[in-house]
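In case you want the letters, here they are:
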Amino acid sequence: MSDRTIDRVASATPPPVARKIRGLSDRAIAWIFVAPTIFLLLAINIFPLIWTIRLSFTNYKANRIGREVKEIGFRNYERILTDSDIWLNMQATAHFLIWTIFFQVLIGFTLAWLINKKFKGNDLWTTIIVLPMMLSPAVVGNFWKFLYQPQIGLFNYIIAFFTGKEPSSFEMLGQVNLAPWSIVIVDTWMWTPFVMLICLAGLRSIPDYIYEAAEIDRASKLRQFFTITIPMVLPFLMLAVLFRGIENFKMFDLVVQLTGGGPGSTTELTSINLKREAFEKWRTGYASAYAIILFVTVFGLASIYVKALNKVKER
Amino acid sequence: MSSFSVNEPSNRTKWFAGSLVILYAIITMIPLVWIALTGFKSPADAISYPPKYIIGSDSEAGFQPTLEGYVNLFTTRTRQTQEFLDANPPENWADEIVRKYDMVIVGPSKFGERFLNSVIIGFGSTFLSVFLGTLAAYAFSRFKIPLADDLLFFILSTRMMPPIAVAIPIFLMFRNLGLSDTHLGMILLYTAVNISLAVWLLKSFIDGIPTEYEEAALIDGYTRFQAFYKVVLPQAATGIASTAIFCLIFAWNEYAFAVLLTTANAQTAPPFIPTIIGIGGLDWPAIAAGVTLFLLPVMIFTILLRKHLLRGITFGAVRK
C-alpha cells in the first residue's frame, strides 16, 4: 500500500526531493505517522469539546438559525445545578451504576473463578457466554423490550412459571418500582462477560508457584483464596469496574430503546435527559453546559479512581 | 499443564464448575434463541400466550415456521380489494405469503438499504482507523516522540466523552460542512471514535515484535519506510486483523451518533430496526428477523475469531 504511494510520490517529484522523501529522517517519519491521528482527534473530539464549552455560556438554540445569540455567563450552569429534576436523573444514574457494577462483579468473578478450574470444553462455553457483549446495545434493548412485554413476553412467562404469579400482574417496563431493575437486568446480562474476561485474565496471571509455596506452608484452600487469589485479582477487577463505570455513566442506547426513560422519568439517565434537552427541546446552550458538567464529573471520578487503582497495584 | 500441579483441581471440582458455567451459558442464550425463533413465527404466534416454542408441532406449545417475518422485513405492502386480488394471482412465494392478509407486495423496504449503509460505514471506518492507527502505533512504539505518554493518554481520554456531549457541536459542524447524513461524515466520525482503541491495541502488538528484524533490514540498506512495510507489517498482521474486528464491531453496533446525525441517506440498521411497524403496532416477527440478520454476522465473527477477540478485550488489564 504505502509502497506504491511512496513510489508514486517519489516519481512525481524532482530527484533531489525524491531522495529526501525516500530517506526521511526518523523524526520526520514519526511526525508524518502520528499527525493524521492527532489531527483527526483534534478535529472531531477536541474542537467540538471546546465549542461545547463556548456554547455553554450562551442561550444559543440550534433550530433557530437567525436568532441573536447572547452571552449569559454561568446562568446555564446555575440553572442545571439547582434543578431538582436533574438530581433525580443523577439518582437514577447512580442506582443503575451501583447495581449493575455490583451484580456484574459478583457474577463475573464467580464465573471466571469457575472457568479457571479448567474443565473440559471451557473455551467453547466461555465464547458462548461472551456473545451478548458483542451485540449492538440498541438492538439488544429493542428485543428485550419484546421479552419484557406483559402477558406475551417470555420474561414474564418464566418468572410467572417459577413464582406462580399471573404473568400479566406485573410490568417490568411500565411499573415505577420495576423499571429501574429491568434496565439493571439487561445490562447485567449483556456486560457480565466483560467483567468475567478481565477477571479471568487476572486469575491466569497468578503464577502457580505462589500456590505451591502456600501449599507447602499448609495454608488452607480458603486462606489461599483470601490471601492470594483475591488480592492478586483485585487490580484487574478494579479496572473492569472502571471501564464499566465509565461506559454506564454514558449509557444511552440500551436504555433509550428499552424504556425511553420512562415510566415518567424513573429510568431517565443523564444521557437520555441530555439528549432531550439538546435534540428535542433544542436548548443547545443549556444542554452544552449540561454536557460539560457530565464530562467533568466522569473525568473527575475516573481520575480519583485511577489514583486508588495505582495504590492497589503498588502494594 | 501436563505435569502434576497442586493447583490442578480434582475431577469432581471440574465437573461441578463445568455444570454451573454451562447452566449460566444456557440461561444467557435463551433471549437470543427466542429472538431467532420469533423471526420464524407468524404475528399471531409471536404474541400468543402461553409462548410457543416447538417448531412444526401441532400441540399447544408448537408453531408452524413461516418466512412471513423475513418477507415483511424486506418488503413494503399495501392492502387491496378482493377484486384486485382475484384479478392478479400471486407472482411468487413471497407474494403468496402476504396474500393471507389481503395484501400485495409493492416494493422493497428500506431495510436492505440500511443494512448496506451499515456495511459501507462499518468497513470504511474500520479501514481508515486501522490504517491511521497502524502508522501512529508504529511511531509511538519505535521512535522517541516528545510527550509520548501525554499524547497516548490524550488519545485514550477521548473515549471517556459521552457521545451525546460531543454530538451537539458535531451536529452543528456537520451541518456547516455539508457532512450531515452522509457516509463520509459517519465514516470520519466512527474513525475518530475507534482510533484511540486502534492505536493502543496496535501499539501493544507492535511492541511485541523484536526491533532486531528492522535493524537488520536497515543495515541491509532498507529505508525506514521499507523496513516498516516489508518487515514490521507482515509480523503485525494478526494484531492488525484483530484490531480491525474490534473497530468493525463498534461501528456496526453504534447507535447514538447514528440516530442523532443521520435521517435517511446514511442511516445505519440499528436506528432503523426498532421502527419497523406492522398492522396494529410493532411487527415483532419482522423486527426479530431484522435483529437476527443484524446480530448473526457479529456472532459468527466472535465464534470464529474468539482467540484474537479475547486478547483485545483484556488488553487494557494485561498491559503493564
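What counts, and where the lines are drawn
Each chain carries its own residue numbering, running from 1 in the direction its sequence is written. Chain labels run from A onward and ligand labels from 1 onward, assigned in the order the entries are written. Totals for whole chains, interfaces and linings use every residue, but because this is a predicted model, local features are given only for residues with pLDDT of at least 70 and side-chain atom pairs only at 80 or more, for both listing and counting. Secondary structure elements follow DSSP: runs of H or I of four or more residues count as helices, runs of E of two or more count as strands, with numbering from the N terminus. Put simply, the radius of gyration uses C-alpha atoms, and a globule should come to 2.2 Å times the residue count raised to 0.38. To sort residues by burial, count the other C-beta atoms lying within 10 Å of each one's C-beta; a count of 20 or more means buried, 12 or fewer means exposed, and anything in between means partly exposed. C-beta atoms are built from the backbone. By the criterion used throughout, residues are in contact when their C-beta atoms, derived from the backbone, lie within 7 Å. Residues are grouped as follows: Ala, Val, Leu, Ile, Met, Phe, Trp, Tyr, Cys and Pro are nonpolar; Asp, Glu, Lys and Arg are charged; every other residue, Gly included, is polar. Orientation is described by lines fitted to C-alpha atoms, with helices fitted over the stretch in contact, and by angles between N-to-C directions that extend from 0 to 180 degrees. The labels follow the angle: roughly parallel below 35 degrees, roughly antiparallel above 145, roughly perpendicular from 65 to 115, and oblique for the rest. With the far helix as reference, a near helix turned anticlockwise by less than a right angle produces a left-handed crossing, and one turned clockwise produces a right-handed crossing. Working rule for helices: expected span equals 1.5 Å times residues minus one. Working definition for bend: take the seven residues up to and ending at a residue and the seven starting at it, fit an axis to each, and measure the angle between the axes. The source of the domain bounds is an automatic or database domain assignment. Values of pLDDT, which run from 0 to 100, indicate the predictor's confidence residue by residue.

1. A word on the overall build of chain B
Then step 1. Across its full length, chain B carries 16 helices and 6 strands.
Then step 2. Compactness check: chain B gives a C-alpha radius of gyration of 26 Å against a globular reference of 20 Å for 320 residues, more than 25% above the reference.
Then step 3. With the C-alpha coordinates of chain B rotated into their principal frame, the extents come out at 85 × 65 × 40 Å.
Then step 4. Out of the 320 residues in chain B, the part that is buried amounts to 42%.
Then step 5. Residue pairs in contact within chain B that sit at least 24 positions apart in sequence constitute 75% of those at least 6 positions apart.

2. Some thoughts on the overall build of chain A
Then step 1. Of regular secondary structure, chain A possesses 14 helices and 0 strands.
Then step 2. Shown N-terminal to C-terminal, the secondary structure of chain A runs as helices and strands in the order α-α-α-α-α-α-α-α-α-α-α-α-α-α.
Then step 3. In terms of C-alpha radius of gyration, chain A reaches 26 Å, well past the compact-globule figure of 20 Å for 315 residues.
Then step 4. By the burial criterion, 39% of the 315 residues in chain A qualify as buried.
Then step 5. Sequence-distant contacts in chain A: of pairs separated by 6 or more residues, those separated by 24 or more amount to 70%.

3. Notes on the interface of chain B and chain A
Size of an interface, as often reported, equals the accessible area lost when the parts are brought together.
Then step 1. On the chain A side, the residues contacting the 82 residues of chain B number 81 residues.
Then step 2. Counting residues per element, the side of chain B that touches chain A draws most heavily on helix α1 (residues 11-38) of chain B, which supplies 16 residues.
Then step 3. The residue inventory of the side of chain B that touches chain A, partitioned by class, reads 67 nonpolar, 12 polar and 3 charged.

4. A word on the packing of helix α6 (residues 111-142) of chain B against helix α9 (residues 183-207) of chain B
Residues and elements named next belong to chain B.
Then step 1. Between α6 and α9, whose axes approach to 6 Å, the crossing angle comes to 40°. The angle between α6 and α9 places the two elements in the oblique class. As α6 runs across α9, the sense of the crossing is right-handed.
Then step 2. Tallied by class, the residues present in the contact of α6 with α9 amount to 17 nonpolar, 9 polar and 2 charged.

5. Structural notes on the environment of Gly124(B)
Residues and elements named next belong to chain B.
Then step 1. Counting through the fold element by element, Gly-124 comes out in helix α6.
Then step 2. Along the primary structure Gly-124 and Leu-188 are separated by 64 residues, whereas in three dimensions their C-alpha atoms are 8.8 Å apart.
Then step 3. Contact partners of Gly-124, with chain neighbours within four places excluded, come to His-183 and Ile-187.

6. What to know about helix α15 (residues 284-304) of chain B
All names here are of chain B.
Then step 1. Taking 1.5 Å of rise per residue, 21 residues should cover 30 Å, and α15 covers 30 Å from first to last C-alpha, within 8% of that figure.
Then step 2. Taking the largest bend as the criterion, α15 deviates by roughly 30°, centred on Leu-295, and proline Pro-297 comes between one and four positions later.
Then step 3. Those residues of α15 that fall on the buried side of the exposure criterion are Trp-284, Pro-285, Ala-286, Ile-287, Ala-288, Ala-289, Gly-290, Val-291, Thr-292, Phe-294, Leu-295 and Thr-302.

7. A short note on the domain arrangement of chain A
Then step 1. Taken domain by domain, chain A holds domain 1 (2-55) and domain 2 (84-314).
Then step 2. Look at where the C-alpha atoms of domain 1 of chain A and domain 2 of chain A centre, and you get two points 40 Å apart.

8. Overview of the packing of helix α6 (residues 122-130) of chain A against α1(B)
Then step 1. For the pair α6(A) and α1(B), the least separation of the axes is 9 Å and the interaxial angle reads 30°. It follows from the interaxial angle that α6(A) and α1(B) lie roughly parallel. Every pair of crossing elements has a handedness; the one defined by α6(A) and α1(B) is left-handed. For the pair formed by α6(A) and α1(B), the contact residues are Trp125(A), Ile128(A) and Ile129(A) on the first element and Val21(B), Ile22(B), Tyr24(B), Ala25(B), Thr28(B) and Met29(B) on the second.
Then step 2. Tallied by class, the residues present in the contact of α6(A) with α1(B) amount to 8 nonpolar, 1 polar and no charged.

9. Looking at the confidence of the model for chain A
All names here are of chain A.
Then step 1. In this model, chain A carries a mean pLDDT of 86, and residues with pLDDT of at least 70 account for 93%.
Then step 2. Ranking the elements of chain A by mean pLDDT puts helix α2 (residues 15-22) last with 49 and helix α5 (residues 84-115) first with 94.
Then step 3. This model gives residues 15-20 a pLDDT under 50, and the stretch forms 2 contacts once residues within four places in sequence are excluded.

10. Digging into the environment of Ile44(A)
Then step 1. Residue placement: Ile44(A) occurs in helix α3 (residues 26-55).
Then step 2. Note on Ile44(A): 23 C-beta atoms within 10 Å, which makes it buried.
Then step 3. Those residues in contact with Ile44(A), other than ones at most four positions away along the chain, are Ile170(B), Leu188(B), Leu189(B) and Ala192(B).

11. Points about helix α8 (residues 154-163) of chain A
Side chains of residues three or four places apart in an α-helix project in the same direction, reflecting 3.6 residues per turn.
Then step 1. Those residues of α8(A) that fall on the buried side of the exposure criterion are Leu154(A), Phe155(A) and Asn156(A).
Then step 2. Taken together, the buried residues of α8(A) touch α7 (137-147) of chain A together with α1 of chain B.
Then step 3. Gly164(A), located one to two residues past α8(A), shows a positive phi value of around 80°.

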